[in-house]
2 protein chains.
Amino acid sequence: MQGTSGAHALVRTLVDSDVRVCFANPGTSEMHFVAALDALPQMRGVLCLFEGVATGAADGYGRMTGRPAATLLHLGPGLANGLANLHNARRANTPVVNVVGDHAIDHKPLDSLLESDIDALAGTVSTWVRRSTTTEALGADAADAVAAALTCFDGAEEVGQGSSRTGTSGSVSTLIVPANLSWSAGGRPARPVKIPASPAPSEEHVRSIARLLRSGEPCVLLLDGAALSERGLRAASRIEHATGARLLSRNWAARQRRGAGVPLVEPLAYRGEQITVQLRDAQHLVLCGARTPVTSFAYPDRSSLPTPPDTRVHVLAEDGGADAVLALDMLADHVAPGIEPVLAPLSPPPLPRGELTVDNWTAVIGALLPHDAIVCDESITAGMATLQPATACSPPHDMLGLTGLSIGQGLPSATGAAIACPDRPVICLQADGSAMYTLSALWSHARENLDITTVILNNSSYAILRAELERVGATAEASAQLFDLSRPDLDFLSLANGMGVPAGRARTAGELARQFRRALSEPGPHLIEAVLPPRAG
Amino acid sequence: MQGTSGAHALVRTLVDSDVRVCFANPGTSEMHFVAALDALPQMRGVLCLFEGVATGAADGYGRMTGRPAATLLHLGPGLANGLANLHNARRANTPVVNVVGDHAIDHKPLDSLLESDIDALAGTVSTWVRRSTTTEALGADAADAVAAALTCFDGAEEVGQGSSRTGTSGSVSTLIVPANLSWSAGGRPARPVKIPASPAPSEEHVRSIARLLRSGEPCVLLLDGAALSERGLRAASRIEHATGARLLSRNWAARQRRGAGVPLVEPLAYRGEQITVQLRDAQHLVLCGARTPVTSFAYPDRSSLPTPPDTRVHVLAEDGGADAVLALDMLADHVAPGIEPVLAPLSPPPLPRGELTVDNWTAVIGALLPHDAIVCDESITAGMATLQPATACSPPHDMLGLTGLSIGQGLPSATGAAIACPDRPVICLQADGSAMYTLSALWSHARENLDITTVILNNSSYAILRAELERVGATAEASAQLFDLSRPDLDFLSLANGMGVPAGRARTAGELARQFRRALSEPGPHLIEAVLPPRAG
């Protein structure tokens, strides 16, 4: 390549903007991007065998670092394959920079076979979409893409090279790159864009919430986003213990710090009627980086808005906003000066015995969870009731949840988290049906030799759908086979072995404990199939 | 359920419109559709473990029957996961009816976690999109969806209950169904819509092409779509042998009838410069259900339009049009009265010996191909050079190709073809990298006990990308690992066994022959991993 190619300038700019990992499933239109990786070893290319793995990995990486990874996707179908996990990233406010190769500009009007409407697809998940038009501008476009991904950011810290960020506030940006801009000479790397700090919460507004908390009227603080970082939780705990306000956390949050030494928070329930019970005594609901509760689905003759009608809703910090931590700190200084947070003790549950059930497998995890683990949770019905209590007093850890309810997020997310934090053990708790969406993430676990222990919760069914079928008031017998994952049974040992991941099967709590311990004691990826009774949950 | 639910009316209408199979991956918002399947056993529900399998199966089914299957998809992310194979269906002009569940109408503005822009996603692959607005109209909406899917249809035959159609002309239609319309009473099944026959080609236009063919100036007929049916090919062959016009067929066509007893046609090459050579003597290029050749990708300093500048292009029948067969028949009556088509002899290649190579595995397939097989071809580089010649004089068969170049189509397409044609053997020739996109189709092969023999061509790489990297003038060494599928090797035996499909591995032509024979002699699915030298292609 004579001179600097557009692709080289693009990758150079990403690297200079501290984007250091690219989860890639490239095709012909991205070949020069691939070639540029050779000249720029500061960018780590991670091959994923399906785009949904690449985007889910970028989500997991972004949640753990607060900085975007890049994805490299091939045209419209490649982006389409990655959309479901970009949906989860969008709902997690994760910064992600998608680089989507497109046909050369002159080629595009010819409607060749892979031509499709990339812009429309990108718009469904991205807060920022740009189609590059010149080679010269490609570097600047890349810098703008990074800035856009970080714009909704944690204002408490400066964003810059090597900085670490506590929250996961950001968004998905997508840069569409015609192939000829990549291969042409004339690329100009751009300077990393400085992200302006977001304005601090208004002192007056914080004061008004403080008055509310001091009023003696029952208050609930609902925490999400950056409020679920350790710093946010400590401030919230001080407020709780100074004012008597109750704390609730969003369930299946993007990232929550939990465990011994971290304030303990009751999670918001999944079902609307349970949430209504949780909130029934609350005169005020204060949203701290959280949204007003909305049920995931509507059901005949039930409300989608579970907040009791007499509960007044106040916003301390917006959902996805970066100022939740700062706002909680300010609020705590008002209402809880000198008050210390109350921290969960180190008190893991005892190891259970007997056959595995939907109620006891989580105690095995809670009993053996290693220090500072990252737990990627897509256990869905298998973990809904007991995972949070079983791990509440385990060693401190981060838990990453299924933010957008688009299944197939656990294994990819674990990939990204492990690459973001190579010195921390990653535990992936993965439901069986959802695992099949993006199973080839296991191959990337093996290829990159990631320290991930995957526990597949195999209940041989889409258990949540069985429950939903009953809940919508429908009955179906013959069609119940549409939720049945047996006949044939999925054998996750064979599937894992087929992708180079050593695996074992556990039918009792003792077997799960033994295998989980061993997996944690060895480097590299492992998989344990935990066999649960069918129709669990 | 009191009265007729909207979902029941929807399914009833589909059944009455001869839509008899639904490839489903449902969620909460589709529960009443699932429940309706119980009451209407005429609709066969086929569970797929990933939406890309469901849409690819609908594509394969539609190609073989000329009638749409339904898909049942869950909200935006479910549709997103199915888009890549809907892209292939769109490029194949396959009729498909997508039913996409959405949130209840009152729930939608609440932006709950799974909310996304379904309409924008649907628009990228569908020629017809409708969002239902009342329960009463749901039946009529379904009838319109079927009509839209069939509108671009084979005019030579009436469309109706039980009719069979030779071509694959149709399109993708998408009906978005808010959940509350499904669960409410008041549904009204609608009458199947009568599809008007498309107008016959104009006699005058056919005459003008006939004059061209009689002129003595060198002509090439490029065949695609319905022109590649047996009837279309017979007419084309008569024309060829009466006038000296050359025939070319689109490579990787949606469906082509081939083999002994069927006229033999040279395929259009994949690379632009090869196409230019194929057409260099042609003064006239006559498109018969085909498009003007366009290269799949642009490359630096090469043209995307390989037709030589002096070749004049004429359209006998449009791409995706249904009148290609009729037009060829009329043309043959003009220029070839009394002339018989020239048919390929039954003359399969001899069985090769020795280690498997990219050049000899296809001869094993050609030598042993059973009568009236359906060959789903996604072998890509492994089959590009030799699959067509190796099977040209095998017993008659249909070959289904990767129409939209969006990989992950082979295994799902085989699923749908086998369900469409339960009495015919289905052979799926599947490249390794592409197989990983939608591998869980194997589970559906086992669940439905489909007579599919899958041959995985394992060359441990994205071989086409290695070639493309060189072709764009780029070199990459370190980043070549992005095309390398070894470390760890994918073990397709374990992967198949994990989903209930018996499997074997072949390293020599003799082993492949023995295993292929045995798989064909036994009912149900089988998989053979054919190990090819790395960097094949």
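Residues numbered from 1 in each chain as written. Chains lettered and ligands numbered in written order. Predicted model: local features only at pLDDT ≥ 70, side-chain atom pairs only at ≥ 80, totals over all residues. Heavy atoms only, no water.

Chemist: Help me out: how do you make sense of the overall build of chain A in this one?
Modeler: Of the regular secondary structure elements, chain A holds 20 helices and 18 strands. Here the C-alpha radius of gyration of chain A, 23 Å, is about what a compact globule of 537 residues would show, namely 24 Å. Across its three principal axes, chain A shows a C-alpha extent of roughly 70 × 60 × 50 Å. A buried classification covers 69% of the 537 residues belonging to chain A. In the form shown here, chain A has an accessible surface area of approximately 16,800 Å², with 51% of it arising from carbon and sulfur atoms. Here chain A holds 42 positive side-chain charges and 54 negative ones, and the gap between their average locations is 4 Å. (Helix = DSSP H or I, 4+ residues; strand = E, 2+ residues; numbered from the N terminus. Rg over C-alpha atoms; globule rule 2.2 N^0.38 Å. Buried < 20%, exposed > 50% of the residue type's maximum accessible area, 1.4 Å probe, protein only. Areas by Shrake-Rupley, 256 points an atom, 1.4 Å probe, with all protein chains shown as cover. Lys, Arg positive; Asp, Glu negative; His and termini not counted. Charge placed at Lys NZ, Arg CZ, Asp CG, Glu CD.)

Chemist: What exactly am I supposed to notice about the relation of the copies chain A and chain B here?
Modeler: Each of the two chain copies goes to the other by way of a rotation about an axis and a shift along it. By a simple turn and slide, chain A fits onto chain B: the slide is 0.0 Å along the axis, the RMSD is 0.0 Å, and the turn is 180 degrees. Such a combination of rotation and displacement between the chain copies is what one expects of a two-fold axis. Comparing interface residues between copies, 100% of those in chain A also lie at the interface in chain B; the contact surface is shared. (Least-squares fit on C-alpha atoms with pLDDT ≥ 70 in both. Contact = heavy atoms within 4.5 Å.)

Chemist: Help me understand the environment of Glu-240 of chain B, please; the structure alone is not making it clear to me.
Modeler: Here Glu-240 of chain B shows up in helix α9 (residues 230-243). Non-local contacts of Glu-240 of chain B, meaning those with residues more than four positions away in its chain, are made with Ala-245 and Leu-247 of chain B.

Chemist: I keep staring at the side chain of Gln-409 of chain A and nothing clicks. Help me out?
Modeler: Note on placement: Gln-409 of chain A falls in the loop between β14 (397-400) and α15 (410-420). Apart from residues no more than four positions distant in its own chain, Gln-409 of chain A is found in contact with Asp-59, Arg-63, Asn-85, Asn-88, Glu-378, Gly-401 and Leu-402 of chain A.

Chemist: Would you explain the pairing of strand β6 (residues 172-178) of chain B in this entry?
Modeler: Residues and elements named next belong to chain B. With seven of its seven residues buried, β6 lies for the most part within the structure. Residue alternation in β6 divides its side chains into two sets, Val-172, Thr-174, Ile-176 and Pro-178 and Ser-173, Leu-175 and Val-177, and both sets are buried. Here strand β4 (residues 96-102) pairs with β6 via seven bridges, running parallel. Along β6, the bridge assignment pairs Asn-98 with Thr-174. Bridge count between strand β5 (residues 128-131) and β6: four bridges; the pairing is parallel. (Pairing = 2+ DSSP bridges.)

Chemist: It is not clear to me how the packing of aromatic side chains should be interpreted in this structure. Could you clarify?
Modeler: A complete count under the given rule lists seven aromatic pairs over all chains for this structure. Each ring, one from Phe-50 of chain A and one from Phe-50 of chain B, has its centre 5.7 Å from the other, and the planes form 85 degrees; the classification is edge-to-face. One end of the pair, Phe-50 of chain A, is in the loop between β2 (44-47) and α3 (51-65); the other, Phe-50 of chain B, is in the loop between β2 (44-47) and α3 (51-65), on a second chain. Comparing Phe-50 of chain A with Phe-50 of chain B shows no difference in burial state: the two are buried. Grouped by ring-pair contacts, the aromatic residues Phe-50 and Tyr-437 of chain A together with Phe-50 and Tyr-437 of chain B constitute a single cluster. (Phe/Tyr/Trp six-rings, centres within 6.5 Å; stacked < 30°, edge-to-face > 60°.)

Chemist: For this particular structure, what's the right way to read the layout of surface pockets?
Modeler: With a probe scaled to a water molecule rolled over the atoms, the places where space remains empty come into view. Its boundaries defined by the atoms lining it, the largest pocket holds a volume of some 350 Å³. Lining the largest pocket are 21 residues, with Asn-251, Tyr-270, Gln-274, Met-384 and Ala-385 of chain A sitting closest to its centre. Mapped onto the lining of the largest pocket, the elements with two or more residues apiece are β10 (266-267), α10 (272-279), α13 (381-384), α14 (387-391) and α18 (463-471) of chain A. Within the lining of the largest pocket, the residues separate by chemical class into 11 nonpolar, seven polar and three charged. Approximately 270 Å³ is the volume attributed to the second largest pocket. As for the second largest pocket, its lining consists of 13 residues, and the residues nearest its centre are Asn-251, Ala-269, Tyr-270, Gln-274 and Met-384 of chain B. For the lining of the second largest pocket, the secondary structure elements donating two or more residues are β10 (266-267), α10 (272-278) and α14 (387-391) of chain B. (1 Å grid on protein atoms, 1.4 Å probe; cavity = no way out; pocket = protein on both sides within 12 Å on 5 of 7 lines; lining within 4 Å. Points joined across faces, edges and corners; volume = space filled by probe spheres on them. Nonpolar A, V, L, I, M, F, W, Y, C, P; charged D, E, K, R; others polar.)

Chemist: How should I be thinking about the pattern of salt bridges in this particular structure?
Modeler: Between side chains of opposite charge, pairing is possible as soon as their charged atoms come close. Residues and elements named next belong to chain A. Enumeration over the complete set of coordinates arrives at 58 salt bridges over all chains. Ionic pairing is found between Asp-144 and Arg-130, a salt bridge with its closest N-O pair at 2.8 Å. Of this pair, Asp-144 sits in helix α6 (residues 138-150) while Arg-130 sits in strand β5 (residues 128-131), and the two are 14 residues apart along the sequence. What makes Asp-144 partly exposed here is its relative accessible area of 27%. (Salt bridge = Lys/Arg side-chain N within 4 Å of Asp/Glu carboxyl O.)

Chemist: Help me understand the sheet that holds strand β18 (residues 526-531) of chain B, please; the structure alone is not making it clear to me.
Modeler: Working definition: the strands of a sheet are paired by backbone hydrogen bonds and lie parallel or antiparallel to each other. All names here are of chain B. The strand order across the open sheet formed by seven strands is β9-β14-β13-β15-β16-β18-β17, and the pairing between neighbours is mixed. In this open sheet, the two strands that pair with only one neighbour each are β9 (256-258) and β17 (503-506). The sheet shows a mean angle of 20 degrees between the axes of neighbouring strands, direction not considered. Sheet analysis places strand β16 (residues 452-458) next to β18, joined by six bridges and oriented parallel. Of the residues in β18, the one forming a bridge with Asn-458 is Val-531. Across the sheet, helix α20 (residues 509-521) is in contact with β15 (426-431), β16, β17 and β18; its angle to β17 comes to roughly 155 degrees. (Axes fitted to C-alpha atoms, helices over the stretch in contact; angles between N-to-C directions.)

Chemist: So what exactly am I meant to see when it comes to the packing of helix α8 (residues 203-214) of chain B against helix α11 (residues 324-335) of chain B here?
Modeler: To characterise two packed helices, one gives the angle between the axes of the helices and the distance between these axes. Residues and elements named next belong to chain B. Running from amino to carboxyl end, α8 crosses α11 at an angle of 50 degrees, the nearest separation of the two axes being 9 Å. The pairing of α8 with α11 is recorded here as oblique in orientation. Helix-helix and strand crossings are classified by hand; for α8 and α11 the assignment is right-handed. Of the residues in α11, those touching α8 at Glu-203, Val-206, Arg-207, Ile-209, Ala-210, Leu-213 and Arg-214 are Ala-327, Met-330, Leu-331, His-334 and Val-335. Among the residues making up the contact of α8 with α11, the classes are represented as eight nonpolar, one polar and three charged. (Parallel < 35°, antiparallel > 145°, perpendicular 65-115°, else oblique. Left-handed = near helix turned anticlockwise from the far one by under 90°.)

Chemist: Looking at this structure, how should I read the nonpolar core?
Modeler: Taken as a class, soluble globular proteins show a tendency for nonpolar side chains to be buried jointly. Judged by nonpolar contacts, the single largest core of 214 residues is most densely connected at Leu-14 and Phe-23 of chain A together with Leu-14 and Phe-23 of chain B. When near neighbours in sequence (up to four residues on either side) are disregarded, Leu-14 of chain A contacts Val-19, Phe-33, Met-43, Ala-70, Val-97, Val-99, Ala-142 and Val-146 of chain A. (Core = buried A, V, L, I, M, F, W, Y, C linked by side-chain atoms within 4.5 Å.)

Chemist: What's the story with the confidence of the model for chain A in this structure? I'm lost.
Modeler: Detailed reading of the predicted coordinates is not advisable wherever pLDDT is low. Residue and element names in this part refer to chain A. With 94% of its residues at a pLDDT of 70 or more, chain A shows a mean pLDDT of 92. The low-confidence segment residues 153-168, where pLDDT is below 50, has 46 contacts with residues more than four positions distant or belonging to other chains. Scored as a complex, the prediction yields pTM 0.96 and ipTM 0.95. (pLDDT = per-residue confidence, 0-100.)

Chemist: How should the interface of chain A and chain B be read in this particular structure?
Modeler: With 92 residues of chain A in contact, the opposing surface of chain B contributes 92 residues. Buried surface at the junction of chain A and chain B, summed over both partners, amounts to about 7,600 Å²; 65% is from carbon and sulfur atoms. Three residues stand out in chain A for area buried against chain B, namely Leu-113, Tyr-437 and Leu-482 of chain A, and they jointly supply 10% of the buried area on that side. For the interface between chain A and chain B, the tally reads six salt bridges. Residues Arg-291 of chain B and Asp-111 of chain A are paired through a salt bridge, measuring 3.5 Å at the closest nitrogen-oxygen approach. There are 40 residue pairs in polar contact (both at pLDDT 80 or more) connecting chain A and chain B. Of all elements in the fold, only β1 (21-25), α2 (31-39), β2, α4 (75-92), α5 (118-123), α17 (441-447), α18 and α19 (492-497) of chain A reach the threshold of two or more residues within the side of chain A that touches chain B. Looking at the side of chain A that touches chain B element by element, the count peaks at nine residues for α4 of chain A. (Buried area = accessible area lost by both parts, 1.4 Å probe. Polar contact = N/O pair within 3.5 Å; in protein donor to acceptor, adjacent residues only side chain to side chain.)

Chemist: What exactly am I supposed to notice about the sheet that holds strand β16 (residues 452-458) of chain A here?
Modeler: All names here are of chain A. With mixed pairing, the seven strands of this open sheet are ordered in space as β9-β14-β13-β15-β16-β18-β17. The sheet is open, and its two edges are formed by β9 (256-258) and β17 (503-506), each paired on a single side. Averaged over all pairs of adjacent strands, the angle between their axes in this sheet comes to 20 degrees, without regard to strand direction. Sheet topology places β17 next to strand β18 (residues 526-531); four bridges connect them, and they run parallel. Opposite Arg-505, over in β18, you have Glu-529 as the bridge partner. Relative to strand β15 (residues 426-431), α15 is tilted by about 170 degrees, and along the sheet it contacts β13 (373-378), β14, β15 and β16.

Chemist: In this structure, what is going on with the environment of Tyr-462 of chain B? I would like to understand it.
Modeler: Residue position: Tyr-462 of chain B is located in the loop between β16 and α18 (463-471). Residue classification places Tyr-462 of chain B among the buried residues on the basis of a relative accessible area of 8%. Contact partners of Tyr-462 of chain B, with chain neighbours within four places excluded, come to Asn-25, Leu-47, Cys-48 and Leu-49 of chain A together with Gly-433, Tyr-437, Leu-482, Phe-483 and Leu-485 of chain B.

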